[in-house]
Amino acid sequence: MLKVKALLIKNTLKTLLKDHSLLKLIFVGTLSLLLLFTAFFITYKFFSFVRAFPFSNLLIHRSLSLFFLVIFSMLIFSVIVTSLPLLYKSSERLFLMGLPIKTSSIFKIKFAESVALASWAAILLCLPILIGWQISMGCSTLVYPAIILSLGFFVIICGGVGTAICLLLSSIFSLRKGQALFIGLFLLSLPLIIFCTKFGIFKETPTEAFAFFSKIIDSMGFSTHPLLPSFWFVCLIDGIRKEEWGESLFLLSLMATTAATFCIFLSKMADSLYLRGIDLMEGSGSSSKYKEPIWIRKILFFLKPGFRSFVVKDILLFIRDPLQWSQFLIFFGILFVYFLNLPRAGYEIDLPYFKSLAFFLNISAIALVVSTLTTRFLFPLISLEGKRFWILSLAPITRKGLLLEKFFLSGSLFLLITEGLMILLNLILKTEGLAFFFSLVMIGVMTLTLTSLSVGLGAVYPVFSKEDPSSIVSSLGGTINAIISLLYVIVSVALIAIPVQLHIGHGFSHQRLILYLIISISVFIMMSLLCSLVPMIKGIRSLEEVEA
């Protein structure tokens with residue numbers, strides 16, 4: 001099975017130039033390298049700047065421990081999301097179960113595939129950050145092979161935890177509608193309750209800047225718990241840099257043995273739980289007849305009947321798939337916890353430069369979450385029609401109308417959520433006047449642009465041969481969509497934030513500020529129109545050329 005997978009990868013790389021033009025590959029490669037270099041440059045400058053402070057070593061160590069704890073948590077969540085369809089719902093799994101192949105072998109290859117799909121982006125993000133950290137601090141050449149080796153062990157540990165949770169849940173619950181809703185709400189509410197209880201969201205914070213930053217460093221202490229693999233990883237890399245070979249060798253052995261233990265444990269766990277989970281998921285079903293909610297059609301009375309039917313169809317498909325809306329809720333649940341924590345984040349400190357910077361960083365947080373969600377959920381929309389795409393040709397709607405329907409439904413949903421979050425953010429930060437109104441307009445334009453970008457590129461680069469959204473997003477078109485979305489968010493926020501920050505920090509006159517803002521807003525509007533219209537126009541043309 002490993003030989004087959006290796007042969008598939010080899011043939012995919014061979015046909016890459018045939019399926020995609022050289023210009024497209026150069027464009028994607030250049031943007032990817034630019035993003036990686038940007039991450040490296042920012043990390044290098046940050047650590048070089050922090051080294052001037054007397055408490056720099058403590059701040060750097062705890063910041064990295066917190067960062068890799070977040071990576072650890074997100075990798076576990078990503079593996080759970082990826083492994084569920086690969087282990088239980090993929091058509092390849094059904095085919096392999098009919099062959100004279102051991103179930104344990106099927107599980108192992110699917111485990112490796114899910115870990116690879118879930119972790120490749122995180123690894124690419126971590127490498128330039130780690131290299132920037134080591135170069136800024138001065139390091140030994142042995143650090144770089146240690147980073148690659150220990151990062152592999154770290155990913156295996158995350159994959160082991162996520163897959164074990166998936167196996168356990170799948171062997172107990174069928175993960176159907178009602179049960180998935182209960183499990184999802186429980187998993188969402190439990191961390192929120194623990195977070196609120198432990199850290200006291202609405203407690204007061206110091207108003208002095210030094211005391212405030214001291215409390216921030218102290219609050220990151222929970223990320224240095226000695227049982228966390230993320231803490232082992234940071235201590236290992238830091239120990240090699242300091243040439244503490246004894247402790248570094250111990251930590252490397254600890255990560256290697258933990259990863260091996262998880263592999264052995266998962267193999268034994270799968271022998272008793274994997275088939276049970278398959279039987280439970282395949283054999284479960286709903287005995288009651290499902291009735292379409294009439295209220296959805298009543299709300300959408302203003303739409304044409306054919307257009308409205310497709311909107312209702314997509315809404316019902318989304319509601320009936322717990323895997324989709326549970327991921328959707330978890331993303332915005334994390335953002336909601338972040339917003340709840342804002343009252344104790346020290347915004348009452350009387351530093352205009354800091355307040356303005358925090359305001360734009362929070363706008364970036366919302367926009368980056370939206371860019372992630374649009375890439376994950378909207379890009380695969382056309383591809384998920386798959387082999388059933390010919391049915392759409394029989395429906396009373398044109399290909400153009402189909403794409404506009406996807407944009408209308410997705411844009412309305414995301415716009416409602418982002419505007420609500422932006423209003424909540426402004427109320428927490430006590431934003432008033434023109435800034436309040438401008439932030440709502442800006443996040444609205446960015447939301448619609450990101451929506452049309454993902455829907456349009458999803459039609460330009462459809463992958464009808466795959467049914468797993470994670471695999472579709474990992475394709476070349478999904479990578480292009482993710483890169484362009486990320487660049488759009490960064491450039492858009494920077495266009496507005498840089499003139500404002502220069503005005504506050506360097507005392508620019510109001511006349512110069514107004515001039516710069518007019519230019520920046522004009523560029524922002526032109527860039528938004530370009531990123532919105534071009535993908536949609538090309539997407540419509542691409543759909544019209546698809547043979548039913």
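Conventions adopted
- Residues numbered from 1 in each chain as written.
- Predicted model: local features only at pLDDT ≥ 70, side-chain atom pairs only at ≥ 80, totals over all residues.
- Heavy atoms only, no water.
- Helix = DSSP H or I, 4+ residues; strand = E, 2+ residues; numbered from the N terminus.
- Buried < 20%, exposed > 50% of the residue type's maximum accessible area, 1.4 Å probe, protein only.
- Areas by Shrake-Rupley, 256 points an atom, 1.4 Å probe, with all protein chains shown as cover.
- Salt bridge = Lys/Arg side-chain N within 4 Å of Asp/Glu carboxyl O.
- Polar contact = N/O pair within 3.5 Å; in protein donor to acceptor, adjacent residues only side chain to side chain.
- Core = buried A, V, L, I, M, F, W, Y, C linked by side-chain atoms within 4.5 Å.
- Phe/Tyr/Trp six-rings, centres within 6.5 Å; stacked < 30°, edge-to-face > 60°.
- Contact = heavy atoms within 4.5 Å.
- Expected span 1.5 Å × (residues − 1).
- Axes fitted to C-alpha atoms, helices over the stretch in contact; angles between N-to-C directions.
- Parallel < 35°, antiparallel > 145°, perpendicular 65-115°, else oblique.
- Patch = residues over 30% accessible without salt bridge, like charges linked within 9 Å, V, L, I, M, F, W, Y side chains within 5 Å.
- Left-handed = near helix turned anticlockwise from the far one by under 90°.
- Nonpolar A, V, L, I, M, F, W, Y, C, P; charged D, E, K, R; others polar.

Caption draft 1: Inspection of the overall build of the protein at higher detail. Looking only at helices and strands, the protein features 21 helices and zero strands. Looking at the protein residue by residue over its 548 residues, the buried ones come to 46%. Entry remark: accessible area of the protein is about 28,600 Å², with carbon and sulfur atoms responsible for 73%.

Caption draft 2: Main features of the pattern of salt bridges. One pass over the full model with this rule turns up five salt bridges. In this structure, the salt-bridge partner of E92 is K5, at a minimum N-O distance of 3.0 Å. Of this pair, E92 sits in helix α5 (residues 91-97) while K5 sits in helix α1 (residues 2-14); the two residues are 87 residues apart in sequence, bridging distant segments of the chain. For E92, a relative accessible area of 28% translates into the label partly exposed.

Caption draft 3: Layout of the side chain of R93. With respect to the element layout, R93 can be found in helix α5. Within the local environment of R93, its side chain forms a polar contact with the backbone oxygen of Y88, the two atoms lying 2.6 Å apart.

Caption draft 4: Layout of the nonpolar core. By size, the foremost hydrophobic cluster in this structure holds 56 residues, and its most contacted members are Y88, W133, F154, L167, F233 and Y274. Among the secondary structure elements, those contributing two or more residues to this core are α3 (22-50), α4 (56-89), α6 (103-137), α7 (143-172), α10 (229-241) and α11 (245-283). Considering each element in turn, this core owes the most residues, 13 residues, to α7. Judged by nonpolar contacts, the second largest core, of 46 residues, contains V312, I363, L373 and M536.

Caption draft 5: Focus on the packing of aromatic side chains. In total, this model carries twelve aromatic pairs according to the counting rule given. For the ring pair F72 and F154, a centre distance of 6.0 Å and an interplane angle of 45 degrees mean the geometry is tilted. Taken together, the residues span a long stretch of sequence, with F72 in helix α4 and F154 in helix α7 at a distance of 82 residues. Note on accessibility: F72 and F154 belong to one class, buried.

Caption draft 6: Quick look at the environment of I472. Assignment of secondary structure puts I472 in helix α19 (residues 469-473). For I472, the residues in contact, after removing those within four places along its chain, are F379, P380, S383, L384, V463, K466 and G478.

Caption draft 7: View of the environment of A497. Mapping A497 onto the fold places it in helix α20 (residues 476-506). The buried category is assigned to A497, whose relative accessible area is 12%. Residues A497 and S520, spaced 23 residues apart in sequence, show a C-alpha to C-alpha distance of 9.5 Å.

Caption draft 8: Structural detail: α10. Under the 1.5 Å per step criterion, the end-to-end length of α10 is 19 Å for 13 residues, consistent within 8% with the ideal 18 Å. In terms of burial, α10 is a largely internal element, 13 of the 13 residues being buried. Phi turns positive, to about 60 degrees, at E243, one or two residues after α10.

Caption draft 9: Fine view of the environment of L228. Here L228 lies in the loop between α9 (209-219) and α10. Expressed as a C-alpha distance, the spacing of L228 and F68, which sit 160 residues apart in the sequence, is 9.8 Å.

Caption draft 10: Main features of the packing of α7 against α10. Where α7 contacts α10, the axes come no closer than 10 Å and their chain directions differ by 170 degrees. Classified by the angle between their axes, α7 and α10 sit roughly antiparallel to one another. Residues V143, A146, I147, S150, L151, F154 and I157 of α7 form the contact with α10, whose own contacting residues are P229, S230, F233, L236, I237, I240 and R241.

Caption draft 11: Molecular detail of the side chain of T447. When you line up the elements, T447 lands in helix α18 (residues 433-460). A relative accessible area of 1% places T447 in the buried class. Non-local contacts of T447, meaning those with residues more than four positions away in its chain, are made with V370, F414, L415 and T418.

Caption draft 12: Region of the structure containing a nonpolar patch on the surface. Among the surface-exposed residues, I525, L529, L533 and I537 lie close enough to one another that they form a single nonpolar patch of about 370 Å² accessible area. Relative to the helices and strands, L529 is located in helix α21 (residues 510-545). Taking the relative accessible area as the measure of exposure, L529 reaches 48% and is therefore partly exposed.

Caption draft 13: Structural detail: the packing of α4 against α7. Two elements in contact, α4 and α7, have axes whose closest approach is 8 Å; the angle formed by their N-to-C orientations is 50 degrees. Taken together, α4 and α7 sit at an angle that is classed as oblique. Read as a crossing pair, α4 and α7 show a hand that is right-handed. Touching F68, I71, F72, L75, I76, V79, I80, S83, L84, L87 and Y88 of α4 are F154, V155, I157, C158, G159, V161, G162, T163, I165, C166, L167 and S170, all from α7. Split into classes, the residues belonging to the contact of α4 with α7 amount to 18 nonpolar, five polar and no charged.

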